[in-house]
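# Notes for the structure review
Read off the chains here:
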Amino acid sequence: MRRQKDTGDGAERELVSSELIERCKSGDEEAWREIVEATHRDVYTLCLRILGNPADAQEATQDVFLKVWRNLSSFRGDSMFSTWLYRVASNTAISKHRKRKRQRLNEAGVDDEVLAQVPASGSVESAAGAKIEVERLEEALALLPDGLREAVVLRDVYGLNIAEISAEQKISETAAKVRVHRGRKRLKEIMFPEDSGTETGER
Amino acid sequence: MRCEEVREVLPAHVKDGSDDLTVRRHLARCPECKAELARYESLMGGLRTLQMRSVDVPAGLFDQLLAIPERSSRLDSARHHVARHRKVYVGGGIAAVAIAGAAGAALWRSKARRPLTA
Ligand SMILES: [Zn+2]
């Protein structure tokens, strides 16, 4: 689930060995258990970050593993299992979004509501090197409009590039870039609300 | 360059830097915009750390996932059942039979070819 280039620890290894996958393909239930055990937290976490609520994330996680089970026989060892799993997970979560879109608030309408929900700050210093509380950051992500959240999560948490995000979201690269840009900006406003006034000057 | 213009480019600047000298000059001179860049930088740092952090999974999810192979084969047999009885259910017999026949023939040919390549 984790992309090597951004972890920085260099000790990345595949949690699911090709031997384990072969055992699973031949119907070994213990092998399935080991694969699920090793990967389901990361899959659920990704789905939760993309979908922003636990019930949808739980449903999506089940869909992901159903797809994995059904397509395992076509998985060949030429790409990393975690990369493939990651792709299946983000596809599944994003298409779930699309299906739910109608029921949700549109992007423009959510602005005021988002800002109203943000807890009064004070816990976060706004100076250089300010510490970000990860729990607050997860909450702030959940407040972003779907399209912006998907883009920021894929780009800045999981390290996908713009081309990959445009493919996942089925939008142009320009549109993907704009979403990342707007998403970061919105997230910054949520995390640092006291500093988002419009003091201006010319220098 | 005005502060508002700089603020507009910061969300991109924070990750990819900027070749735009006027932006860099402004940042060197303007403490407000520099502080704003620092906020983006800590935000990006925070987002990166999320990658290594997984959240608690809901109770029951693990068992639901373990049951998938069994659930999947139940779904398959239900689907086969529907497919086998499609003529009865849908009534549009001829086309379905023709397609099934073609698929069967293709399968047969690929089976027949196998001994030759072995
Ligand atoms: Zn400025």
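Because the structure is predicted, anything quoted here is derived from the model rather than measured. (Residues numbered from 1 in each chain as written. Chains lettered and ligands numbered in written order. Predicted model: local features only at pLDDT ≥ 70, side-chain atom pairs only at ≥ 80, totals over all residues. Heavy atoms only, no water.)

## What about the overall build of chain A?
Defined as follows: Numbering of helices and strands starts at the N terminus; helices are DSSP runs of H or I of at least 4 residues and strands are runs of E of at least 2. Summary of the burial criterion: residues with accessible area below 20% of their type's maximum are buried, those above 50% are exposed, and those between are partly exposed, where the area comes from a 1.4 Å probe applied to protein chains only. In this analysis, two residues are considered to be in contact whenever any of their non-hydrogen atoms come within 4.5 Å of each other. We get accessible surface area from the Shrake-Rupley algorithm with a probe of 1.4 Å; when it comes to residues, only the shown protein chains can shield them.
Within chain A, the regular secondary structure consists of 10 helices and zero strands. Secondary structure of chain A in N-to-C order comes out as α-α-α-α-α-α-α-α-α-α. Burial status across chain A gives 45% buried among its 203 residues. Within chain A, residue pairs in contact and separated by at least 24 positions form 67% of the contacts whose partners lie at least 6 positions apart. Surface accessibility of chain A: about 9,900 Å² in total, with carbon and sulfur atoms responsible for 48%.

## A short note on the packing of aromatic side chains
Given two aromatic rings, one states the distance between the centres and the angle between the planes to describe the pair. Residues and elements named next belong to chain A. Filter applied, for reference: Between 30 and 60 degrees the pair is tilted, below 30 it is stacked and above 60 it is edge-to-face, where a pair is any two Phe, Tyr or Trp rings, Trp via its six-membered ring, whose centres lie within 6.5 Å.
Under the defined criterion, the tally for this structure stands at six aromatic pairs over all chains. Their ring planes at 85 degrees and their centres at 5.6 Å tell us that Phe-75 and Phe-81 sit as a pair that is edge-to-face. Among the aromatic residues, ring-to-ring pairing joins Trp-32, Phe-65 and Trp-69 into one connected group.

## Here's the deal with the coordination of the zinc ion
All names here are of chain B. Note the cut-off: Counted as coordinating are nitrogen, oxygen and sulfur atoms within 2.8 Å of the metal, or 3.2 Å for Na, K and Ca, while water is not included, which may make sites look incomplete. Each label reflects the angles at the metal, where four donors whose angles all fall between 85 and 135 degrees are tetrahedral, four or six donors whose opposite pairs open beyond 155 degrees and whose other angles stay between 65 and 115 are square planar or octahedral respectively, and the rest are irregular.
Cys-3 (SG), His-26 (NE2), Cys-30 (SG) and Cys-33 (SG) make up the full set of protein donors to the zinc ion, lying at 2.1 to 2.4 Å. Considering all four donor atoms around the zinc ion, the spread of angles at the metal, 100 to 113 degrees, places the coordination shape in the tetrahedral class. Between consecutive donor residues of the zinc ion, the sequence gaps follow C-x22-H-x3-C-x2-C. Separated by 30 residues along the polypeptide, Cys-3 in helix α1 (residues 3-16) and Cys-33 in helix α3 (residues 31-50) bring together distant segments of the chain.

## Quick notes on helix α10 (residues 173-191) of chain A
Selection rule: A helix is expected to span 1.5 Å for every residue after the first.
Over its 19 residues, α10 of chain A runs 27 Å from end to end, which matches the ideal 27 Å to within 8%, given 1.5 Å per residue. Within α10 of chain A, the full set of buried residues consists of Ala-176, Val-180, Gly-183, Arg-184, Arg-186, Leu-187, Lys-188, Ile-190 and Met-191 of chain A.

## Some remarks on the domain arrangement of chain A
Residues and elements named next belong to chain A. Selection criterion: Domain start and stop positions are those given by an automatic or database domain assignment. Buried area counts how much accessible surface, traced with a 1.4 Å probe, disappears from two parts once they are put together, with both parts' losses summed. By definition, a salt bridge exists where a carboxyl oxygen of Asp or Glu is found within 4 Å of a side-chain nitrogen of Lys or Arg. In the analysis that follows, any N or O atom pair within 3.5 Å is treated as a polar contact, provided that within protein one partner can donate a hydrogen and the other can accept it, and provided that, for residues neighboring in sequence, both atoms belong to side chains. Note on residue classes: Ala, Val, Leu, Ile, Met, Phe, Trp, Tyr, Cys and Pro are nonpolar, Asp, Glu, Lys and Arg are charged, and everything else, Gly too, is polar.
Domain assignment breaks chain A into domain 1 (1-102) and domain 2 (104-195). Each partner contributes to the interface: domain 1 provides 22 residues, whereas domain 2 provides 17 residues. Taking both sides of the interface into account, the surface hidden between domain 1 and domain 2 amounts to around 1,800 Å²; carbon and sulfur atoms contribute 41%. At the junction of domain 1 with domain 2, the criterion picks out three salt bridges. Arg-87 is the salt-bridge partner of Glu-168, the closest N and O atoms lying 3.4 Å from each other. The tally of links from domain 1 across to domain 2 stands at seven residue pairs in polar contact (both at pLDDT 80 or more). Of all the elements in the fold, those that place two or more residues in the side of domain 1 that touches domain 2 are α1 (4-7), α3 (29-51) and α5 (81-100). Sorting elements by how many residues they give to the side of domain 1 that touches domain 2 places α5 first, with eight residues. Residues of the side of domain 1 that touches domain 2, tallied by class, amount to six nonpolar, six polar and 10 charged.

## Focus: the environment of Ala-151 of chain A
All names here are of chain A. Residue position: Ala-151 is located in helix α8 (residues 146-157). Distance in space between the C-alpha atoms of Ala-151 and Phe-192 is 20 Å, their sequence separation being 41 residues. When sequence neighbours within four positions are dropped, the list of residues in contact with Ala-151 reads Ile-165, Gln-169, Arg-179 and Val-180.

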